[in-house]
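Chain by chain, the residues:
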Amino acid sequence: MKIIEGGVCAAKGFSANGIHCGIRKNHSKKDLSLIYSAVPASAAAVYTTNLVKGAPLTVTKNNIKNGIAQAVICNSGNANTCNANGIEIAEKTCELLADAIGIDKTDVVVASTGVIGEPLDITPIKNGIPELVAGLSENGSGSAAEGIMTTDTAKKEIAVSFEIGGKTCTLGGIAKGSGMIHPNMATMLVFLTTDAAISAEMLQKALSGDVANSFNMLSIDGDTSTNDMVTILANGLAGNEPITGEGEEFSTFMKALNTVTVALCRAIAADGEGATKLLECSVKGAKDELTAKIVAKSVICSSLVKAAMFGSDANWGRILCAIGYSGADVDVQKVDVRFKSVQGEILVCRDGAGVPFSEEEAKAILLEPEIEILVGLGDGDGAATAWGCDLTYDYVKINGDYRT
């Protein structure tokens, strides 16, 4: 397994582009992105569980019900959600792209992100698609990553190479996400590509299985978006024997997928709206994996824990509090808590009670931009990791005038 450059264009046969078409008022910001596979690809996706869903999700789900897709188009600046003509706009976007690029309109994944409840005019998209298609490039991953950003401050892209059946395969992805992130069997917007040959059924199994331990363990602010979606296209151009069942090759594919998704999780958490610190909560010693997941997510989601981390305050009592109300079956008298960063590691709680520690040393550890919260439950072998960020003044500022 090797991390490489190229993002969604690292895999054979994929190209991408991102442009400003006029949806966003700021002309310096791209607002329309395209990912294209030279050949039809196996396709899989997971979607938000929010009952309010963006129209593009409905259209995408219908388009890829046959397990095939060849292109992904995404606009930023408008979520196309809660609009009377939302389905019509999403379907028209697919039709316009299909005509311009020469594929079937049902082979298009369509996505939108931005303000909810604002009408979306098809005109900028219609006018922008010719330029978008003409600019497709094998080096276009970065442009596509820019085009899906909203309040993100940094592009999020990664790729890995790995071997299956003697063939070198590649899997890459781009993501957007900074706020309104608290997924459940879905995530923000993530687009993944691979040249590995794998059936649509096994691709869906791989993706659904992975998000339970990656994007579902990520929270920025406790709000689940209406437009969250993760998609993956696998075009098979690496030439490996197609993966059609479980086994060593499927396990290798799963490892590559998880390497990419965890890296994107960390990138999203680090870029949380207003965030100054990436938080990672690792829980060990739980009765089972589910218990560990519940505890890790509860700690990461706690506003008081997040605020303490912003202030570099080793207030371990807030960790215990979050564990206590998590609903997990935990013996609080067995709980240990440590804080860790590049500055070192410090024990602050043993067996559910405080221990003497240096506040100065703890402060130095918590001043770093990446903090690990290590929780031991002393009940078994269950383990889980969750990702999040600190809570700062800027989070309120960003969301106080997001629409205006």
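Fair warning: this is a prediction, and the values are worked out from it, not measured in the lab.

Looking now at the overall build of the protein. A count of helices and strands for the protein gives 11 helices and 15 strands. Computed over its C-alpha atoms, the radius of gyration of the protein comes to 22 Å, within 12% of the 22 Å expected for a compact globule of 404 residues. Counting only C-alpha atoms, the protein reaches 70 × 55 × 35 Å along its principal axes. Expressed as a percentage of its 404 residues, the buried residues of the protein come to 55%. Of all intrachain contacts in the protein linking residues separated by at least 6 positions in sequence, the fraction that spans at least 24 positions is 80%. Counting every atom, the protein has about 16200 Å² of accessible surface; 49% of that belongs to carbon and sulfur. Across the protein, the 33 positively charged side chains and the 48 negatively charged ones have centroids separated by 2 Å.

Before going further, it helps to spend a moment on the packing of aromatic side chains. By the definition in use, this model includes two aromatic pairs. Ring geometry for Phe 162 against Phe 253: centres 6.3 Å apart, planes inclined by 70°, an arrangement best described as edge-to-face. A residue pair is termed long-range when its members are at least 10 positions apart, and Phe 162 in strand 6 (residues 156-164) and Phe 253 in helix 6 (residues 248-270) qualify at 91 residues. As far as the burial class goes, Phe 162 and Phe 253 line up, both buried. Aromatic pair Phe 310 and Tyr 393: ring centres 5.3 Å apart, planes at 90°, arrangement edge-to-face. With Phe 310 in helix 8 (residues 303-310) and Tyr 393 in helix 11 (residues 393-400), this pair connects stretches of sequence that are 83 residues apart.

Structurally, the position occupied by Gly 400 is in helix 11. For Gly 400, a relative accessible area of 65% gives the class exposed. Spatially, the C-alpha atom of Gly 400 lies 36 Å from that of Val 348, the residues being 52 residues apart in sequence.

Generally speaking, nonpolar side chains in soluble globular proteins are found buried as a group. The biggest cluster of nonpolar side chains holds 76 residues, and the ones touching the most others in it are Phe 215, Phe 253 and Phe 339. The greatest single-element share of this core, amounting to 10 residues, is contributed by helix 6.

The next point concerns the side chain of Asn 80. In this fold, Asn 80 is placed in the loop between strand 4 (68-78) and helix 2 (86-101). Of the residues examined, Asn 80 reaches a relative accessible area of 1% and is grouped as buried. Within the structure, the side chain of Asn 80 is placed 3.4 Å from the side chain of Asn 83, a separation counted as a polar contact. A polar contact of 3.1 Å, which involves the side chain of Asn 80, links it to the backbone oxygen of Gly 86. Filtering out sequence-adjacent residues up to four positions away, Asn 80 remains in contact with Gly 54, Ala 55, Pro 56, Gly 86, Ile 89, Ala 90, Ser 112, Val 115 and Leu 120.

Attention now goes to the pattern of salt bridges. Oppositely charged side chains can form a pair if their charged atoms are brought close together. Applying the stated criterion across every chain, the model contains 12 salt bridges. In this structure, the salt-bridge partner of Asp 152 is Lys 156, at a minimum N-O distance of 2.8 Å. Judged by relative accessible area, which is 7%, Asp 152 ranks as buried. Residues joined by salt bridges that share partners form a network here, namely Lys 30, Glu 146 and Lys 155.

Quick notes on the rules
As a convention, each chain's residues are numbered from 1 in the sequence order in which they are written. Reporting of local features is limited, given that this is a predicted model, to residues whose pLDDT is at least 70; pairs of side-chain atoms are given and counted only at 80 or more, and all residues count toward the totals for whole chains, interfaces and linings. Calculation of side-chain values draws on the structure's entire complement of heavy atoms; hydrogens and water are dropped beforehand. Only DSSP runs of H or I with at least four residues qualify as helices, and only runs of E with at least two residues qualify as strands; both kinds are numbered from the N terminus onward. Radius of gyration: over C-alpha atoms. The globule rule applied is 2.2 Å multiplied by the number of residues raised to the 0.38 power. For every residue, the accessible area (1.4 Å probe, protein chains only) is compared with the maximum for its type, and the residue is labelled buried under 20%, exposed over 50%, or partly exposed between those bounds. Every residue pair with non-hydrogen atoms within 4.5 Å of one another is taken to be in contact. The Shrake-Rupley method, run with a 1.4 Å probe, gives the accessible areas here. Residue values count only the displayed protein chains as cover. Neither His nor the chain ends contribute to the count of charged residues, in which Lys and Arg are positive and Asp and Glu negative. Lys charges are placed at NZ, Arg charges at CZ, Asp charges at CG and Glu charges at CD. Each Phe, Tyr or Trp ring, with Trp reduced to its six-membered ring, pairs with another whose centre is within 6.5 Å; inter-plane angles below 30 degrees give stacked pairs, above 60 give edge-to-face pairs, and intermediate values give tilted ones. Put simply, a nonpolar core is a bunch of buried Ala, Val, Leu, Ile, Met, Phe, Trp, Tyr and Cys residues held in one set by side-chain atoms that sit within 4.5 Å of each other. Polar contacts, as used here, are pairs of N or O atoms within 3.5 Å; protein pairs need one atom able to donate a hydrogen and one able to accept it. Residues neighboring in sequence count only if both atoms are side-chain atoms. Definition used for salt bridges: Asp or Glu carboxyl oxygen within 4 Å of a side-chain nitrogen of Lys or Arg.

In short, shape yes, function no, at least from these values alone.
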